[in-house]
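Geometric and topological summary
Listed below, chain by chain, are the residues.
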Amino acid sequence: MILPIYTLGQPVLRQVAEDITPEYPELKQLISNMYETLEQSEGIGLAAPQIGLPIRLVIINLDLISEDLPEYKGYIHTFINPHIIEFDNTETDSMEEGCLSLPGIHEPVRRPTRIHVKYLDEEFNEHDEWVDGYLARVMQHEFDHLEGKVFVDHLSMLRKQMIKGKLSNLLKGNFRCSYKVKTKR
Ligand code: NI
């Protein structure tokens, strides 16, 4: 089932999400619905708050960009209860980001290139690893959603000022996009 994507202005996007247990109701179905939703919106990542649920659940599909970045061929992963343990601040880079919850907004964001993450996979097996490259960026973007943050929060005051009009239209629900959304009103 394709779920509507909650856009900026929906309070759930500003909530800190909670860890879940294997008993979470209909988890397999929920994850499958998230993959279906991500596919039709042509995104590479989706966090549960973006479909209205304040829980720590993220899916990432980098297979879509594997033409440009072949190392991610077949990279499709589910992250349960992910937490960033540590940011390696020795190196950062800047790259344009967008978000299904902020349609029409694309801005460069500076982030550390390497992070230490802990998470559970779909079978609730524990993982503890250092991640770098493009995946580290996508994880930081998606895991931010679980802390009630969105990518524009990382912009300078000046950039925020420059996209003020776009953000205000987004908050009012004055925009078009190709997938099903749930705006504030
Ligand atoms: Ni996003």
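As a starting point, this report considers the structure included with it. Keep in mind the model is a prediction, meaning the values are calculated, not measured. (Residues numbered from 1 in each chain as written. Predicted model: local features only at pLDDT ≥ 70, side-chain atom pairs only at ≥ 80, totals over all residues. Heavy atoms only, no water.)

Moving on, we get to the packing of aromatic side chains. For the coordinates displayed, the defined rule picks out three aromatic pairs. Summarising the aromatic geometry, the rings of Y72 and Y75 are spaced 6.1 Å apart at their centres and angled 80° between planes, so their arrangement reads as edge-to-face. Each member of the pair, Y72 as well as Y75, carries the same accessibility label: buried. Judged by centre distance (4.8 Å) and plane angle (75°), the ring pair of F79 and Y119 falls under edge-to-face. With F79 in strand β4 (residues 76-97) and Y119 in strand β5 (residues 107-120), this residue pair connects regions lying 40 residues apart in the sequence. For Y119, a relative accessible area of 8% puts it in the buried group. In textbook terms, an aromatic cluster arises when at least three aromatic residues are bridged by ring pairs, as seen for F79, Y119 and F143. Sitting over the face of the ring of W130, R114 holds its NZ or CZ atom 4.2 Å from the ring centroid. (Phe/Tyr/Trp six-rings, centres within 6.5 Å; stacked < 30°, edge-to-face > 60°. Buried < 20%, exposed > 50% of the residue type's maximum accessible area, 1.4 Å probe, protein only. Helix = DSSP H or I, 4+ residues; strand = E, 2+ residues; numbered from the N terminus. Lys NZ or Arg CZ within 6 Å of the ring centre and 35° of its normal.)

Those protein atoms acting as donors to the nickel ion are C99 (SG), H141 (NE2) and H145 (NE2), and they sit at 2.1 to 2.2 Å. Each donor residue of the nickel ion lies on one chain, and together they are spaced C-x41-H-x3-H. A residue pair is termed long-range when its members are at least 10 positions apart, and C99 in the loop between β4 and β5 and H141 in helix α2 (residues 133-145) qualify at 42 residues. (Donors = N, O, S within 2.8 Å, 3.2 Å for Na, K, Ca; no water.)

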